[in-house]
Amino acid sequence: MATINFGGVEENVVTREEFPLEKARAILQDDTIAVLGYGVQGPGQALNLRDNGFRVIIGQRQDSASWRKAEADGWVPGETLFDLEEAAARGTILANLLSDAGQIAVWPTLKKHLTAGKTLYFSHGFGITFNDQTHIIPPADVDVVLVAPKGSGTSLRRLFVAGGGLNSSFAVYQDATGHAYEKAVALGIGVGSGYLFETDFRKEVYSDLTGERGVLMGALAGIIEAQYQVLRQRGHSPSEAFNETVEELTQSLVPLVGENGMDWMFSNCSVTAQRGALDWKGRFREATLPVLNELYDSVASGQEAARTIQRGSTPGYRQELEAELKEVRDSELWQTGATVRELRSRAAEKVEKEESYALTADGN
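- In the nomenclature of an unreviewed UniProt entry, the protein chain corresponds to Ketol-acid reductoisomerase from the organism Hymenobacter perfusus.
- The annotation that UniProt attaches to the protein chain under Cofactor (unreviewed entry) is "Mg(2+)".

Below is the structure:
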């Protein structure tokens with residue numbers, strides 16, 4: 001492990017320097033990793049593991065869109081692509097990457113194949129942390145580990161292909177063999193993590209659910225809607241309101257903050273923007289702190305888990321969800337966004353054509 005200073009607090013992290021890919025391959029050389037579920041995290045993790053030289057098979061419900069996607073990605077039925085139960089029987093490491101609702105539904109079947117010495121792997125602490133509701137209680141003679149990439153499976157794959165990696169947390173819930181820790185780290189390196197930081201299942205799911213409902217999606221969507229509404233009510237056009245609320249945020253500011261930090265952003269804008277942002281950020285912080293604390297309490301109490309399980313298992317939930325998403329998609333805000341994205345795409349294509357023409361002219 002490397003000891004890294006994070007804002008004045010020292011933490012132990014695992015990087016590829018002290019835990020290279022060759023070491024990870026050696027630790028898992030006798031294992032077959034069965035990736036169960038080819039939906040959100042499954043494709044990215046499975047493809048990265050395969051490309052990194054690990055033995056991987058896929059478990060997925062047949063005659064589904066995800067099964068067809070797996071075939072398109074090069075997984076071969078009967079060789080590296082199986083139904084869920086057969087993959088669970090064949091694997092020595094069962095990577096349970098099904099949705100939370102899917103994990104609950106499949107658990108009785110999956111548990112039968114968790115024989116002594118196998119490893120049960122998660123990328124989310126939900127099923128284990130809230131096992132009073134999910135009833136996911138692993139046998140005592142298997143290792144139970146977690147690697148949670150801090151981003152979508154799509155981002156994990158894109159960064160891997162580009163030569164980078166998403167940071168991931170890792171945890172050991174149960175060490176039956178005495179080798180769970182090294183397996184967890186090896187799997188984290190194998191899926192293409194940039195670096196790994198240690199946590200536990202409870203902290204992973206508490207921070208994850210808070211983040212999803214807060215800054216990462218829920219709060220972000222809410223404050224975007226609020227600012228857009230204020231600008232429209234005060235007489236600004238849809239395109240102006242969208243550009244000042246979303247387009248500048250996503251296409252300019254967030255990438256720069258990711259590259260250089262918020263302090264750099266404050267230092268590299270006009271005095272007008274700088275002063276206004278610094279003067280108002282405290283008010284936004286104080287306004288949102290009570291809501292975020294309420295949110296964290298709801299997560300820690302299990303209320304968010306109960307709501308997720310209840311809604312996800314309700315007959316007709318898919319139809320209800322599609323109606324909610326349609327309302328978002330059809331709103332003026334996001335219809336404007338679709339038009340702005342189309343215009344952005346046209347502009348990019350025009351630049352590409354002009355550059356191609358210039359290169360051809362230079363060649364002549």
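**Let's talk about the pattern of salt bridges**
Line of reasoning, step 1. Overall, the coordinates contain 17 salt bridges when judged by the stated rule.
Line of reasoning, step 2. Among the salt bridges present, the one from Lys183 reaches Asp143, with a minimum N-O distance of 2.9 Å. Within this pair, whereas Lys183 is found in helix 9 (residues 180-190), its partner Asp143 is found in strand 8 (residues 143-149), the two being separated by 40 residues in sequence. Like Asp143, Lys183 is buried.
Line of reasoning, step 3. The closest approach of N and O atoms between Arg213 and Glu212, which form a salt bridge, is 3.6 Å.
Line of reasoning, step 4. In this structure, a network of salt bridges that share partners links the residues Glu212, Arg213 and Glu304.

**Observations concerning the packing of helix 2 (residues 42-51) against helix 8 (residues 153-161)**
Line of reasoning, step 1. Following both chains from N to C, one finds helix 2 and helix 8 inclined at 25°, their axes separated by 8 Å at the closest point. The angle between the axes of helix 2 and helix 8 places the two elements in the roughly parallel class. Contact residues: helix 2 offers Gly44, Gln45, Leu47, Asn48 and Asp51, while helix 8 offers Gly153, Leu156, Arg157 and Phe160.
Line of reasoning, step 2. Counted by class, the contact of helix 2 with helix 8 contains 3 nonpolar, 4 polar and 2 charged residues.

**Notes on the UniProt feature "binding site: Mg(2+) 2" (unreviewed entry) in the protein chain**
Line of reasoning, step 1. Per the UniProt annotation, the sites labelled "binding site: Mg(2+) 2" (unreviewed entry) are Asp208, Glu244 and Glu248. In three dimensions, the annotated residues from a span of 41 residues occupy distinct locations, with a maximal C-alpha spread of 28.7 Å.
Line of reasoning, step 2. Looking at the secondary structure, you find Asp208 in helix 10 (residues 201-213).
Line of reasoning, step 3. Summarising the element assignment, Glu244 is placed in helix 12 (residues 238-260).
Line of reasoning, step 4. If we ignore the near neighbours within four places in the chain, the residues touching Glu244 are Gln227 and Leu231.

**Re unusual backbone geometry**
Line of reasoning, step 1. One non-glycine residue, Asp63, adopts positive backbone phi at about 55°.
Line of reasoning, step 2. Of note, Asp63 is situated in the loop between strand 4 (56-59) and helix 3 (65-72).
Line of reasoning, step 3. Accessibility expressed as a relative area gives 69% for Asp63, which makes it exposed.
Line of reasoning, step 4. The backbone phi angle of His135 is positive, close to 65°, even though this residue is not glycine.
Line of reasoning, step 5. For His135, the position within the fold is in the loop between helix 7 (131-134) and strand 8.

**Topic: the sheet that holds strand 7 (residues 119-122)**
Line of reasoning, step 1. In space, the 10 strands of this open sheet follow the order 1-2-10-9-8-7-6-3-4-5, with mixed pairing throughout. The open sheet terminates on both sides in strands that have one partner only, identified here as strand 1 (2-6) and strand 5 (81-82).
Line of reasoning, step 2. In the sheet, strand 6 (residues 93-96) pairs with strand 7 via 4 bridges, with the strands oriented parallel. Note on strand 7: the bridge partner recorded for Ile93 is Thr119.

**Remarks on the environment of Ala70**
Line of reasoning, step 1. Counting through the fold element by element, Ala70 comes out in helix 3.
Line of reasoning, step 2. The exposure class of Ala70 is buried, given its relative accessible area of 0%.
Line of reasoning, step 3. Residues Ala70 and Ala46, 24 residues apart in the sequence, show an inter-C-alpha distance of 9.9 Å.
Line of reasoning, step 4. Setting aside residues no more than four positions away along its own chain, Ala70 makes contact with Tyr38, Trp75 and Leu81.

Cut-offs applied
Residues numbered from 1 in each chain as written. Predicted model: local features only at pLDDT ≥ 70, side-chain atom pairs only at ≥ 80, totals over all residues. Heavy atoms only, no water. UniProt positions renumbered as here; feature names shortened; annotations may be inferred. Salt bridge = Lys/Arg side-chain N within 4 Å of Asp/Glu carboxyl O. Helix = DSSP H or I, 4+ residues; strand = E, 2+ residues; numbered from the N terminus. Buried < 20%, exposed > 50% of the residue type's maximum accessible area, 1.4 Å probe, protein only. Axes fitted to C-alpha atoms, helices over the stretch in contact; angles between N-to-C directions. Parallel < 35°, antiparallel > 145°, perpendicular 65-115°, else oblique. Contact = heavy atoms within 4.5 Å. Nonpolar A, V, L, I, M, F, W, Y, C, P; charged D, E, K, R; others polar. Pairing = 2+ DSSP bridges.

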